[in-house]
Structures are given as C-alpha cells and as structure tokens.
Amino acid sequence: MLLKFSLTLLFIFIYISTSTPLACKNRILELHTAKCSAVRQPLSLTPNDQHFKLQKNLQIANAARLWEGVFMQQKPIRVAVIDSGIAPGHYDLKNRVLAGYNVLDKSSNVQDGTGHGTKVSGIIAAEHNNSLGISGVAGPFDVKILPIKVIDEGMQTTLAENIAAAVNYAILQGVDVINISYGGLQYSSTEHNAIKNAVANGIVVVAPSGNDYSHNTYYPAAYDEVISVGSHEEDFSISSFTSVNPGLDILAPGFAIRTTEPPDGISNPNSTFGSSFAAAFVSGICSIIKAICPSLSPSQIKEILKSTAITNSTRHLCVDSLSAIKSAANISYPAEIELEYDNMRLSAGYEKFSIKAIVSGNPDHVIWHKNSDYVYACSGEEFSFSGATLKESGFVRGKLPFLENSDQCSYTYFPSNLVTSLDNGLWRVDVENGFLLENFDPNHTSYTIISHFADEIPQIRPRIGRDITFGEKYPKQVGDTYKITVMDSQGNRRTYFFEIKPPQNTVSTTATVQNNTADFILNYYFKENVPTILHMICAVYEPNQDTLIKLKYVSVFPAEGTGTYKESLEVPPNAKVKAIILKDIENLVPY
C-alpha cells in the first residue's frame, strides 16, 4: 500500500484546566514526600536559540511555561520518527539523536534524502538553549529521537508493510512515542496490527490527517488507536490544506514553520507548512506528558488532549498544550506560594542566605529564579544562593510550575562598620506609626508593637551590625506578626517576632540596670477612656536575701495617645529592679 506524506508544526493557545487523571496519583504522592536533596543546575527556560523568538508556534504556546515541568520529569523519553531519516550531524540534532534503523536495506544508514524527517525531528526535539537555530517542542526535557528510515531519496511514497516493520522495530527499542508522517487511502491489517501492538505496549502513536484539501480518510491516522492531527492557522481556523475526515482528533499549528533542515540549516517558514508538522508538534507535547507521567496510557493521553482542547469557530478542537500538560501532571488548584522573606539586607563579608518557600496546595515543586537569569528547582522548600556581594541588589523569585502566581524577595548588599557579634546583630529597631511596648534587647526575641492606626501597618526599620544579614517578612495587615531573622557568616541565626496590635489602651513597663543606675520606664497608649492617673512603683532589692533596698512611688498623668515616663535611681552593685503599675493605689490593684 502506498502512503502519502504531508508536513506541519503546531501553535498552542494557553487555557487553564483542572482535570486530574487518576493514573498520576501515586507519582504526586511520592513528590509530596520528596526532600530538596538536589538543586538542579542553572537553566534558562527562555532559551537563547537564534530563531526562538521567530518560532510563532512556540511563542503562541508560551513554551517557557510548558517547560517549567522539566523539573517533574520522571524518565528519559524516546520518540521514534518514522520518516525519510535524519541529518544526524545537524548542530541542533546531533545531541538528540539515537542510532537509527533503515527498514529498506536493514542497515543503520538513516541519512535523510528528502529533508522531511529532519524537519519533523527538529520540531519535536531540536536542542534547547544552545545559542543556535531553533528549539524543539520538548525544550529542555530529556527527549531523544530514534530515526527509522522508510523512504529513499527522490521518493515520496513507501509501503504500509515498511511502516509496520518500522513500528515493530520501535516497539523492540522501547520507545514512548511514535510519529508517523505518512498516510494512504487504503486500510492495511499488517500496519494496523503493528500499531495495535505498539499501543498495547503503552506507546503513543501520532500521525497527520492529510494534506489534500479533501475529506478523504488517510491511514494510519484513521486508526482508532492513533492520534490524528490536522493543521490550524494563527487564528485557530483550520488550514485550507488539511484533510477533514471523521478520524480527525485534533488540530495543531502547521503554518510558517521554522525547523531543522539538512545538512545544517533552518527551513524557510514561507514554504514549510502541513499537517505532518502539526503532528510533530503534538508528538512533542505527548513526549512531555510521558516524561512527567509515564504511567498514563495512550488512550488517556489522547483523551487529555481532547478534553483540554479549545474549540475554534468551526467547532474543531485545537490543542491547548499548557492545559493538557497540567492535567497530566495532576496539579490541583488553587495553589499559592509565599516566600519567608519580603526583603533581605546583606552586610559586608556576607555571601550566602537561604529562603524558604511556603506552598499551599499542590504542587510541591518550586522553581527558583535569581535576578531573572537562572532557574533552579527542587521538590523541597528552601533555596540557598551565594555571591550576593557581587551585585548591589537583586531578587530571588519562587514560582510554582505552570502557574502565574509567584512571590519575590529582594536583597540588597551594603557595607557596614557596626558590631560583629550575632548577639548584637540586631541592635536597634526603629518604629514609625507605632511604638514598641518594651525596650529592645537583642537577646529577647518576642515583642509587641502597637499601631497608631487600625488600618496602617507600622514601618519597622531594623539596624544591624557588620557581617550580619537579615531577612524581613512584613505583615499583611494589623494583627499579623512581623518577623526578622538575623544570621552571621557561620550560619548562626536568630528570629525576632513583633506582634502588630491595633490601637488599644495599653500600659507597659520596663526596668533595667546599667552602670549602677536603674531606669524605670512606663510606656502607654490610650485611644479612649484615658485614666486620670497612673501609679508606678519602682522597687530595688537584693535578691539573695529578699531585702528591699529602695521603693519609690511615682504619679504619672497620661494624655490621649502615646506617652513615656522615665524614672532613674542609683542602685548598689548586683541589685535587682522591678516596676509595677497600679490602677487602684488604695486596694493595690495592678493595671
């Protein structure tokens, strides 16, 4: 039986889906228990490939979003391209090609005689981020091409028996996806049985619907087990050359294609179009899905592609790559991310800090960006970065795969000539639009701040010493807790908590001794019902003998708002002090 070829690439429209196939449930549970034992090497998800920004299909698909799933890859993927061979030395393919097979002469010679197989292979898996050429749909995923040659130079047809032999060879090689870019009008039981066997072995089979501007049915695309792909245009209308028949499953972009061309070139987008290239793009999407969730069956993947697709004006389904991959990855929504710090300040000599991501919902993978340049990921919570002193400022962003939401923590490096010990690392806290109830002591870690306004968060300015870094987590509203963590260059850290309370009648005292002088401080804030008088008793005592050394009674007449009163007494060495406030002096009732 003779088979006719056609060619096409895919454009994808982004659409969010919440479907969660059961086949991936166990994998997701395993990820939840995973630790951040390995941080991946820096990887730019937006590649530097020469023609990437001109690849309309990848731009419409927002490919960098698709590729965020690379950190979820569970296994390497092999895609068999049953075609005219490949240019194995092409700079965009040489690192992506496995040793192939020539069905026609039973050899390993798979040199491409027509260029078609090279173009299809490039669409699926051209090398990502190598500063050359294009990027394939698979991008940074570990996807390799197994070229199987079924057509010689100068030929445009092959036999169905050759396709069947190629499929059987691909099964023996353990491939995950088979892309067949040829088709014919006659049914072949030999070919069909080979494809049935491939699907029974968990292999996804993709083929083009045809390019003859007709309603003719083409095989192998018409077999129920195969994903039959036609081409759509930039506006998602069906391409005029696409064969529309009852077996057509889905459309994918197949116009203005830039892809690899023998021996080491890039194709002319004005003359490269067809449903074969649309099928190649779908094969690339299927390879990503299989990489993330190998347990999904071909029928499940086919159903995911169709159930997450968008419908164009003529009621044809158009592939929605992002929705399909999210559905396969079994990501439930909504999911949110929050970083432990909003801001970090790094002082002289300090080069490393760690940030913790707090994720609500699924997934538990976090993608980390540093200064927009690099991307890291792990299945745990913390991200450490070094070399902060190389720049005056920058940021670290935490992001969840496939989602828009992210959280960012900025960092600033500045020199300092202050103290060096961690005990004095946070040596002062200045507060605006509020006040600290207690005097600040670097060794005391819990404080209360009274806000001057119920709907305005006080501004807190920490002051730190040399070689100390700190991170700040700002409260979102009055009532939350403001958190500061200080760390020295040896990794020692201490966290301070400041509870932000709304304006309310508040009275507090502190009593400290320094250089034989006792300071008794009364702080108050009265919003309403201001008392006429406050009674402060200042006690100085010798603790071992419980002997009272001094006792002084002080009357304080408060006014509305914030006020402070200080009383100082000379005290002997090693004396202890205490301040007590009474609201009823006659009955000794404490405030």
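The preceding data block contains the structure.
For clarity, every value in this text was computed on a predicted model and none was experimentally measured.

### Some words on the environment of Asn492
Looking at the element boundaries, Asn492 is found in the loop between strand S27 (481–488) and strand S28 (493–501). By relative accessible area, Asn492 is classed as partly exposed at 39%. Once the C-alpha coordinates of Asn492 and Leu422 are considered, the two residues, 70 residues apart in sequence, prove to be 7.6 Å apart. Ignoring sequence-local partners within four residues, the contact set of Asn492 consists of Leu422, Val486 and Met487.

### Looking at the packing of aromatic side chains
Tallied over the full model, the rule gives 13 aromatic pairs. An angle of 35 degrees between the planes, with centres 5.5 Å apart, marks the rings of Tyr524 and Phe526 as tilted. Judged by relative accessible area, which is 9%, Tyr524 ranks as buried. In this structure Phe526 comes out as buried when scored by relative accessible area, which is 1%. Aromatic rings pair up to connect Phe440, Tyr447, Tyr474, Tyr482, Tyr496 and Phe498 into one cluster.

### Observations concerning the sheet that holds strand S30 (residues 517–526)
The strand order across the open sheet built from three strands is S29-S30-S33, with neighbouring strands paired in antiparallel fashion. Here the strands that pair on one side only, and so sit at the sheet edges, are strand S29 (506–514) and strand S33 (561–570). Averaged over all adjacent pairs, the angle separating strand axes in this sheet is 15 degrees, with direction ignored. Two strands pair when backbone bridges link them, and S29 and S30 are joined in this way by nine bridges, in the antiparallel orientation. Each bridged residue has a counterpart across the sheet, and for Val513 the counterpart in S30 is Ala518.

### Some points on unusual backbone geometry
Here the amide bond leading from Tyr219 into Pro220 is cis, since omega sits at 15 degrees, within 30 degrees of zero. Relative to the elements of secondary structure, Pro220 occurs in the loop between strand S7 (204–208) and strand S8 (227–232). Residue Pro263 is bonded to the preceding Pro262 through a cis peptide linkage, with omega at -5 degrees. Note that Pro263 resides in the loop between strand S10 (260–261) and strand S11 (265–266). Positive phi outside glycine occurs at Ser131, with the angle close to 70 degrees.

Calculation rules
- Residues numbered from 1 in each chain as written.
- Predicted model: local features only at pLDDT ≥ 70, side-chain atom pairs only at ≥ 80, totals over all residues.
- Heavy atoms only, no water.
- Helix = DSSP H or I, 4+ residues; strand = E, 2+ residues; numbered from the N terminus.
- Buried < 20%, exposed > 50% of the residue type's maximum accessible area, 1.4 Å probe, protein only.
- Contact = heavy atoms within 4.5 Å.
- Phe/Tyr/Trp six-rings, centres within 6.5 Å; stacked < 30°, edge-to-face > 60°.
- Pairing = 2+ DSSP bridges.
- Axes fitted to C-alpha atoms, helices over the stretch in contact; angles between N-to-C directions.

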